[in-house]
Amino acid sequence: MHQKNLWQETSKEKITFSNLKKSITTDLVIIGGGFTGCSAALSAAKNGLSVTLIDQKIGYGGSGRNVGLVNAGLWMPPEKVESILGLDAGVKLNKALVTAPDLVFSLIDDYEINCSANRSGTLHCAHSEKGLEDIKLRFKQLSERGAELELLDKQQTQQRIGSSKFFGSLFNKKAGIINPLDYCLGLARAAKSYGVNIYESTIATDIQSINNDWLVKTAESTIKAKMLLIATNAYQKPIEGLNPSKYTSVQYFQVATKALPLDLVKSVLPNGEGCWDTASVMSSFRLDADNRLIIGGIGNLGHSASKIHTNWARRKIESLFPHIKNIDIEFSWHGRIAMTGDHIPKILRLGSNAYSVFGYSGRGIGPGTYFGKAVSECLISGDETSLPVDPLDYYQEPFSKIKAGFIEFGATASHLL
Ligand SMILES: Cc1cc2nc3c(=O)[nH]c(=O)nc-3n(C[C@H](O)[C@H](O)[C@H](O)COP(=O)(O)OP(=O)(O)OC[C@H]3O[C@@H](n4cnc5c(N)ncnc54)[C@H](O)[C@@H]3O)c2cc1C
């Protein structure tokens, strides 16, 4: 099947940028135009900095390929975050990210971002009895920390989804779904309206620090700046003078059907929640604004056995919704997730007034928006205590290639069965 990214093909935020052909000076240079880079650019420009953001294409990375589930927190239950980081740091990160959907949806409202936002909530669906225990635990831990959630039983879950496959679900009514590429492009448009210079087809090839300035070279220009943010997450192209970010690259793919016929629309996610399940080889499903059903799972569509993944997706549709028979698949695409060993995003200090942010481990819409804003505020104030996690001087991710191969092999084997 020819791969086509639904979000690109149906994008409503029409904005493009020229490439940079001259040398310039700016306060802050940002490399990478995903949620992190665009959110940082918007926030920095609103706070009075002159900002230059470069990328090959805005939303080229994970931000233009993802599922579009705008969720609170990280993938892990909050107690796990507190046990990894220690109580104080864990509480601080959990507190910051519980409000991340509010930040995302308020930016969408403020800048009238045309991203088909639907704040009908998300459902974390228990695929087994064990999965049910998992969501009960999350319900308890998250509710104790102030989140407004509902634990739905099997029947209530069936009513919301239109599928009898789940043992129950955790409903977060403050979460929602978006077209992620349009959200990213809308952030870039908003940043531009505050004077951010955004350039596409402009790739950083070399970085140097000279006399307290950062010099970023591209094929046709040099950008001189006092402050630097690397926001390239899982899509970093090699840059001379910069150690590559360390993470395990996990592939996630999605397929989208043709629009469901009107008689089926009422019986499949009638309220439009975004869903994902508790399985260790996780899957996700949601509708888009035109009622296409989108199914996602761990897996790479770029290798010879990738048909296994798309065939699994077809079977998954029929297993979840047996009344949908032989529906055509219109789109399929995949993207790279930057997974860290402890699944906590990292902020790396690169030197004077410079950070790299990466490793959202599959939860990057809220966190990327939040971290981008927080890092830009820290660059202005110099106050690192305002960051959601303590910055590191060094980060290593051992055996990342082996782990990535193991995850892809496991997902392929699971999708074959
Ligand atoms: C398939 C998939 C599904 C996902 N689903 C969800 C979800 O439902 N909900 C959720 O919250 N998160 C989800 N995520 C995670 C989320 O998409 C990412 O965490 C988020 O997009 C990271 O944003 P970012 O801005 O840090 O990086 P990216 O969006 O990856 O942007 C990095 C940018 O840097 C640019 N770049 C790299 N090198 C250079 C260079 N040398 N010069 C110039 N530019 C460069 C790239 O071109 C790219 O555009 C998903 C991720 C994937 C891949």
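The rules behind the values
Residues numbered from 1 in each chain as written. Predicted model: local features only at pLDDT ≥ 70, side-chain atom pairs only at ≥ 80, totals over all residues. Heavy atoms only, no water. Pairing = 2+ DSSP bridges. Helix = DSSP H or I, 4+ residues; strand = E, 2+ residues; numbered from the N terminus. Axes fitted to C-alpha atoms, helices over the stretch in contact; angles between N-to-C directions. Contact = heavy atoms within 4.5 Å. Core = buried A, V, L, I, M, F, W, Y, C linked by side-chain atoms within 4.5 Å. Buried < 20%, exposed > 50% of the residue type's maximum accessible area, 1.4 Å probe, protein only. Near = heavy atom within 4 Å. Polar contact = N/O pair within 3.5 Å; in protein donor to acceptor, adjacent residues only side chain to side chain. Areas by Shrake-Rupley, 256 points an atom, 1.4 Å probe, with all protein chains shown as cover. Nonpolar A, V, L, I, M, F, W, Y, C, P; charged D, E, K, R; others polar.

**Notes on the sheet that holds strand E6 (residues 168-172)**
Moving on, step 1. One open sheet holds the 8 strands; their spatial order is E5-E6-E4-E13-E14-E15-E12-E16, and the pairing between them is mixed. In the strand order of this sheet, the two ends are held by strand E5 (149-152) and strand E16 (329-339), each with one partner. The average angle at which neighbouring strand axes cross in this sheet is 20°, direction not considered.
Moving on, step 2. In this structure, strand E12 (residues 248-259) lies alongside E16, joined through 10 bridges in antiparallel fashion. Counted as the bridge partner of Tyr252 is Gly335 from E16.
Moving on, step 3. On top of the sheet, helix H6 (residues 129-144) reaches strand E4 (122-126), E5 and E6; it is set at about 30° to E6, its chief contact.

**Some words on the nonpolar core**
A general trend in soluble globular proteins is that nonpolar side chains are found buried together.
Moving on, step 1. Residues Leu28, Ile30, Val51, Ile58, Tyr183 and Leu229 are the most contacted members of the largest nonpolar core, which totals 63 residues.
Moving on, step 2. Here this core gets 8 residues from one element, more than from any other, and that element is helix H8 (residues 180-193).
Moving on, step 3. Leave out the neighbours within four places in its chain, and Ile58 touches Phe17, Gly33, Cys38, Leu53, Leu181, Cys184, Leu185, Ala188, Ile198 and Glu200.
Moving on, step 4. Core analysis: the second largest hydrophobic core is formed by 27 residues, Val265, Leu287, Leu301 and Ile329 among them.

**Let's talk about the site of the ligand**
Moving on, step 1. Thr36, Asp55, Ser63, Leu69 and Gly364 are the nearest of the 38 residues found near the ligand.
Moving on, step 2. In this structure, a nitrogen atom belonging to the ligand sits 2.9 Å away from a main-chain N or O atom of Gly364.
Moving on, step 3. When the ligand is considered free in solution it has 1,000 Å² of accessible area, and contact with the protein chains removes 98% of it.
Moving on, step 4. Contributing elements (two or more residues each) for the shell around the ligand: helix H2 (35-46) and E16.
Moving on, step 5. Within the shell around the ligand, the residues separate by chemical class into 15 nonpolar, 17 polar and 6 charged.

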